[in-house]
Amino acid sequence: MIGIYLIVAFVVSTLLFFNRNKILNYLLVGLFVVLQWVFTIYEYRHLNIEELGYFIPDSLAIIFLIVLSIVCIPAFYHSYIYFKHHRDTPRAQAIYYAAMVVLIVALSAAYLSSHIAVTWIFIDLTTLSAAALIYHRRNVRALEGTWKYLFVCSISMALVFIGILFLTLALQEEGLKSLSYHALIEKAPILNTFWLKLAFLFIFTGYTAKAGLIPMYTAGIDAKDKAPSPAGALIGSVLMNVGFFGIYRFYEIISHTSIHNWSNKNYIHIGHPYRIYCNSLYASCEECQTYACLFRSVSYGVGCHRFGFWRNRALCCYPSFGASLAC
Amino acid sequence: MKVLNLIYIIAASLFFNGIIIRTKSIFSGRMGPGIFQPLKDIWRLFRKGAVYSQTSSFIFQIAPTIYFASVLMAVFVIPFGGQPGLISFKGDFVFFAYVLALGKFFMIISALDTGSSFEGMGASREALYSMLVEPAFFILIGSFALLTGHTSFYEIFSSLHFGSYISYRIGVLAAFVLVIIAMIENSRMPVDDPKTHLELTMIHEVMILDNSGFDLGLILYTSSLKFAMYGAIIANLFLTPGNEWYYSIPIFIGIQIFFAVLIGTIESFMARFRMNHNPEFIFALTTASLLIFLGVLLILGKII
Amino acid sequence: MTNILLIAFAFTLVYLGMSSRLQGYISILAFQGILLFGVAFIELIEINTINLMFILLETIVFKTIAIPKFLNYIIKRNHITREAEPFLPNFLSVVIITFIILGSFILSNAIHDTHLRKIFFMIALSALFTGLFIIMTRRKIITHVIGFLVIENGVFVLSLAVGNEMPMLVNAGILLDIFVGVLLLGIFANKIGDVLKEQDVEQLRQLKD
């Protein structure tokens, strides 16, 4: 199913890119939403069955996938409202829809993948499609936002890749080769903790660009603001989820090792002060109401991290989505 | 037999400057003076008397002699292939570096002694560059000492190539660094231009503005002796001990000529750096020798 | 032989701190591509031929020829001045890069791991930090891109250390390279030239937070 999904979604996005007809555009987007939901339900019915060697829909992935599918409906709906008010060129609209479809597909695939490098590749893909969305308005400020987003995210993705390489070094030491989450969780207790710590630091730092946490949080701030609001809402909600998702996947591996406590400490010490910082900063600034809304999405996320409930993180993207749209 | 080393190096020093000048003139499309012309100039200067300023003290008068003597002393410790130098003891590369530094120190204070503002400026630059180039030399020779486990020039060079091919590759890298060290020590092109006569941009040349006659000749000759000395060190990196004289002498001559031609080529095709870019260039040299040092550490597996 | 190539690679990093012109930066990138080609060829000779061809092609065509050409094209098209305009004097840059290299050497010595080839780790770390340093201390947007490309080269070196057993990861790294390289440079540098007159990060300071 995932193979069909990827191919059809790719075809839809290509057609959207070249299509200038409005009715065809409605049809294609409708087709994609239906496809997304069929796919979600199908994966829900086939829990924990491996597909194509690199994808396993486990319960974590399914929750995030359902959230994504729910969010994508209002996102598309509001996009139409947005374009009713803003008379953009058909070309810009075509790029917008195509990029949005690619973004959602990349997110779904990143959720479902069972291999750490495949997750990384798809999250990298989200950077590119999100950049196209942010640059939609094509003015100086949008350009600036896009540049910052693209640049910081690229560096962060390189950091994540380095983290994955460190993990590989740890695996090689034990003569292992598989990088799937399943195998990693199984073998985690015997891995060298030094490499695991390094890998954790790099992967955590890298994915914070997506999740909007402290070291690399600067990536997303301008991006959410400068994108058209439906796209901004997507970026502020589900795209931040995927960053958290990447961290969580690795955290799951760590939690089976002796450095679990160490990583917990870092996790909280990095996340918690930041929440206080951004809330106090932006609550005090009248003009920053937009930012305040966006930052709330960050702080909800961090709050949930603290209690370690990923379900909350998945669900809290509704308020942040709503908040972003409202701005 | 040990005296032969000295004779080889002095013989090389006689031709060295001539070859450089010849190379440069060929590259600029001229015939140029004969190879012995610099030597004839020096000889002409030797026959003249020196003029001393009334404000300068005895330091100004003895400095050129000490400079020459220091370089000659440094030449004594340099081995030749399988033969040790005239003097050879443990740690003689430290002696080598500081005997050279002593000569340079005297040149610097004699430049200050004249009381000329230009010479003071040149002296300060010379001091800065020597200070920057010193760690490069020490780290380089130090890494060879680490590689071979010996601390004198003779032992280092004679046991260098019993390892693997890697020592030749490191030898090439080291030769590269040594060529640049020699260029800086002699104030040649990328750092200083010996042809320039604008005082503000000169380093070495401005220090000897007040020297004349015999002293000037001595300083000029010392400069080519210094070149030949560095050439001999570079040649030593590739002279394999145990080889007969009919191998080592052609290698020695070849490397000296190649070195001179290389310097001529560099001087013909490169412009002098801006003065404020010099320190970083020289510091990068230190970094290069540091990298060689780290490479040696990695190869030996001698990890801290 | 790999050792010598990697030491030369480290030296190019120092030269990066020294060079004051954009042209110098670009030729360093091209030279790094050649060095990486050599290292990849020696290290990965045992993996299957098609994969090896792909990797070598990437290093020689993409890293050595395409990116430098493209950077040159961008500089010409956008009339970027040829000076790199660092915030710090070059001498300090060279000193700091030297300390970065020393620091990563000491760090890699602290690791007790028989499997790891320490020189790869050391060079990769120093390239990573040098890239970040270049990004932090240079004013032009194009030098930021160059710093990023240096980081990419460092990542490539690190991926070569594991590449013998998992060539897939090398390919993934190359994917990142091409993806981001093409996007960052291709579309973007052109657009920035159209919208902004001066190629300076100062222009990208309007959004404050």
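Here is a short report on the structure shown in this document. (Residues numbered from 1 in each chain as written. Chains lettered and ligands numbered in written order. Predicted model: local features only at pLDDT ≥ 70, side-chain atom pairs only at ≥ 80, totals over all residues. Heavy atoms only, no water.)

All right, on to the overall build of chain B then. Per the secondary structure count, chain B includes eleven helices and zero strands. Listed by position from the N terminus, the elements making up chain B come as α-α-α-α-α-α-α-α-α-α-α. The buried share of chain B, reckoned over its 304 residues, is 52%. Residue pairs in contact within chain B that sit at least 24 positions apart in sequence constitute 80% of those at least 6 positions apart. Of the roughly 12,900 Å² of accessible surface on chain B, a fraction of 70% belongs to carbon and sulfur atoms. (Helix = DSSP H or I, 4+ residues; strand = E, 2+ residues; numbered from the N terminus. Buried < 20%, exposed > 50% of the residue type's maximum accessible area, 1.4 Å probe, protein only. Contact = heavy atoms within 4.5 Å. Areas by Shrake-Rupley, 256 points an atom, 1.4 Å probe, with all protein chains shown as cover.)

Evaluated as defined, the whole model comprises 49 aromatic pairs over all chains. Following the ring pairs from residue to residue traces out a cluster consisting of Phe93, Phe96, Tyr98, Phe137, Phe138, Phe153 and Phe157 of chain B. Above the ring of tyrosine 181 of chain A, the side-chain terminus of arginine 249 of chain A is found at 4.9 Å from the ring centroid. Over the ring of phenylalanine 156 of chain C we find lysine 63 of chain C, and its NZ or CZ is 5.1 Å from the ring centre. (Phe/Tyr/Trp six-rings, centres within 6.5 Å; stacked < 30°, edge-to-face > 60°. Lys NZ or Arg CZ within 6 Å of the ring centre and 35° of its normal.)

What follows is about helix α7 (residues 166-185) of chain B. Residues and elements named next belong to chain B. End to end, α7 covers 28 Å across 20 residues, agreeing with the expected 28 Å (1.5 Å per residue, within 8%). Here α7 lies mainly inside the structure; 15 of its 20 residues are buried. Phi for serine 187, located one or two positions after α7, is positive at around 55°. (Expected span 1.5 Å × (residues − 1).)

Before going further, it helps to examine the interface of chain A and chain C. Chain A puts 44 residues into the contact, and the matching count from chain C is 41 residues. Of the roughly 4,200 Å² buried between chain A and chain C, counting both surfaces, carbon and sulfur atoms make up 79%. Scanning the region where chain A abuts chain C turns up zero salt bridges. Here chain A and chain C share zero residue pairs in polar contact (both at pLDDT 80 or more) between them. Among the secondary structure elements, those contributing two or more residues to the side of chain A that touches chain C are α5 (116-134), α6 (140-173), α8 (193-211) and α9 (218-226) of chain A. Looking at the side of chain A that touches chain C element by element, the count peaks at 24 residues for α6 of chain A. (Buried area = accessible area lost by both parts, 1.4 Å probe. Salt bridge = Lys/Arg side-chain N within 4 Å of Asp/Glu carboxyl O. Polar contact = N/O pair within 3.5 Å; in protein donor to acceptor, adjacent residues only side chain to side chain.)

With that settled, consider the interface of chain B and chain C. In this assembly, 21 residues from chain B lie in contact with 21 residues from chain C. Interface area for chain B against chain C, summed over the two sides, is near 2,000 Å², with a carbon-plus-sulfur share of 85%. Summed over the three residues of chain B that lose the most area to chain C, namely Glu280, Leu291 and Leu298 of chain B, the buried surface amounts to 28% of that side. For the pair chain B and chain C, the number of links is zero salt bridges. Applying the counting criterion to the chain B and chain C interface returns three residue pairs in polar contact (both at pLDDT 80 or more). At the level of elements, α7 and α11 (278-300) of chain B are the ones that each hand at least two residues to the side of chain B that touches chain C. The greatest single-element share of the side of chain B that touches chain C, amounting to 14 residues, is contributed by α11 of chain B. Looking at the side of chain B that touches chain C, its residues break down into 16 nonpolar, three polar and two charged. (Nonpolar A, V, L, I, M, F, W, Y, C, P; charged D, E, K, R; others polar.)

Once that is clear, we can look at the pattern of salt bridges. With the rule as written, the count across this model stands at eight salt bridges over all chains. Where arginine 44 of chain B meets aspartate 41 of chain B, a salt bridge forms, and the shortest distance between an N and an O atom there is 3.8 Å. Taken together, the residues span about one helical turn, with arginine 44 of chain B and aspartate 41 of chain B both in helix α2 (residues 37-46) at a distance of three residues. According to the relative accessible area criterion, aspartate 41 of chain B is partly exposed, its value standing at 28%. Beyond isolated ion pairs, a larger network of salt bridges with shared partners links Asp58, Arg249 and Glu252 of chain A.

For the rest of this paragraph, the subject is the packing of α5 of chain A against α8 of chain A. Residue and element names in this part refer to chain A. At their nearest, the axes of α5 and α8 sit 11 Å apart, and the two run at 35° to each other. For the pair α5 and α8, the crossing hand works out as left-handed. Taken together, the residues of α8 that come into contact with α5 (itself represented by Ile116, Thr119, Trp120, Ile123, Thr126 and Thr127) are Ile203, Tyr207 and Lys210. Taken together, the residues of the contact of α5 with α8 sort by class into five nonpolar, three polar and one charged. (Axes fitted to C-alpha atoms, helices over the stretch in contact; angles between N-to-C directions. Left-handed = near helix turned anticlockwise from the far one by under 90°.)

On to the nonpolar core. In terms of nonpolar packing, the biggest core is built from 251 residues, with Phe32, Phe76, Phe166 and Phe250 of chain A together with Phe96 of chain B touching the most fellow members. A total of 19 residues in this core trace back to one element, the largest contributor, which is α6 of chain A. If you look at the next biggest cluster of nonpolar residues, it comprises eight residues, including Ile108, Ala111, Ala123 and Ile208 of chain B. (Core = buried A, V, L, I, M, F, W, Y, C linked by side-chain atoms within 4.5 Å.)

Interpretation in functional terms is not warranted from these geometric data alone.
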